Amino acid sequence: MVSVHEEDLQVWQGSRELLVSLHDRLIGNHGTEWLELLERYGTFKERMAAVTADVDAAGICGTCGGLCCMNGKYRFNVLDALCGVALDCVPTVNFRQTPLCPYGADTGCSLTPSLRPADCILFICEAIDQKLSPPARLELTRLEQLVRDCLREASLVTGELLGTPVLLWGSKKLVSKLRE
Ligand code: SF4
Ligand code: SF4
């Protein structure tokens with residue numbers, strides 16, 4: 001019998017192939033416009049992470065031990081993954097290290113902020129929130145809106161909900177492919 005980890009890995013590997021085809025189609029149809037959208041999305045995520053880094057998020061997370069990084073396998077969405085494909089930088093995964101997120105390591109998240117799941121970047125826990133100044137909070141709200149706008153725009157371009165977790169998106173597509 002196939003274990004949950006093995007099943008996740010199969011879906012992940014199948015999804016990678018689907019993502020590469022989708023990426024090629026998007027480049028063929030929209031070229032640099034698509035790449036610019038991916039770049040904006042990554043930059044806004046990076047800027048959000050920089051705001052929290054300014055209040056020593058790394059130190060706070062170190063003390064907490066990564067509570068919000070448990071069971072994170074569904075955090076990586078299709079647009080996050082397409083950014084990884086465009087940069088030839090799809091993360092390596094370890095689905096066996098549950099409950100730790102498959103994209104994490106003992107030392108923390110293995111992904112640079114521009115390639116980190118939007119869900120993880122948008123989540124501001126209470127410990128970090130308490131350290132933020134009112135202007136920093138406002139800036140995070142502004143950037144969050146821009147990240148969400150990119151997700152909406154990319155979903156309109158592709159006709160697919162790109163905020164969907166890769167594992168769910170891939171598994172649905174692979175099942176429909178098998179039924180064809
Ligand atoms: S973001 Fe908050 S909950 Fe998550 S690891 Fe850091 S301190 Fe802990
Ligand atoms: S992707 Fe990174 S930040 Fe997000 S849950 Fe996993 S380890 Fe944590």
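Throughout what follows, the structure given in this document is the object of discussion.

**Section: the environment of Arg47**
Next, step 1: The topology assignment puts Arg47 in helix 2 (residues 32-53).
Next, step 2: Placed 26 residues apart in sequence, Arg47 and Ser21 show a C-alpha to C-alpha distance of 29 Å.

**Quick notes on the site of ligand 1**
Next, step 1: In the vicinity of ligand 1, the contacting residues are Ile60, Cys61, Cys64, Gly66, Leu67, Cys68, Cys69, Cys125, Ala127 and Ile128.
Next, step 2: Those elements that provide at least two residues to the shell around ligand 1 are helix 3 (57-64) and helix 6 (126-129).
Next, step 3: In terms of residue class, the shell around ligand 1 is made up of nine nonpolar, one polar and no charged.

**Regarding the nonpolar core**
Next, step 1: In terms of nonpolar packing, the biggest core is built from 34 residues, with Tyr41, Val78, Leu79, Ala81 and Leu82 touching the most fellow members.
Next, step 2: Going through the elements one at a time, helix 1 (4-30), helix 2, helix 4 (78-86), helix 5 (118-122), helix 7 (134-158) and helix 8 (166-179) are the ones with two or more residues in this core.
Next, step 3: Residues contacting Leu82, with those up to four places away along its chain left out, are Leu19, Leu22, His23 and Leu38.

About the thresholds
- Residues numbered from 1 in each chain as written.
- Chains lettered and ligands numbered in written order.
- Predicted model: local features only at pLDDT ≥ 70, side-chain atom pairs only at ≥ 80, totals over all residues.
- Helix = DSSP H or I, 4+ residues; strand = E, 2+ residues; numbered from the N terminus.
- Near = placed C-beta within 6 Å.
- Nonpolar A, V, L, I, M, F, W, Y, C, P; charged D, E, K, R; others polar.
- Core = buried A, V, L, I, M, F, W, Y, C linked by C-beta atoms within 7 Å.
- Buried ≥ 20, exposed ≤ 12 C-beta atoms within 10 Å, placed from the backbone.
- Contact = placed C-beta atoms within 7 Å.

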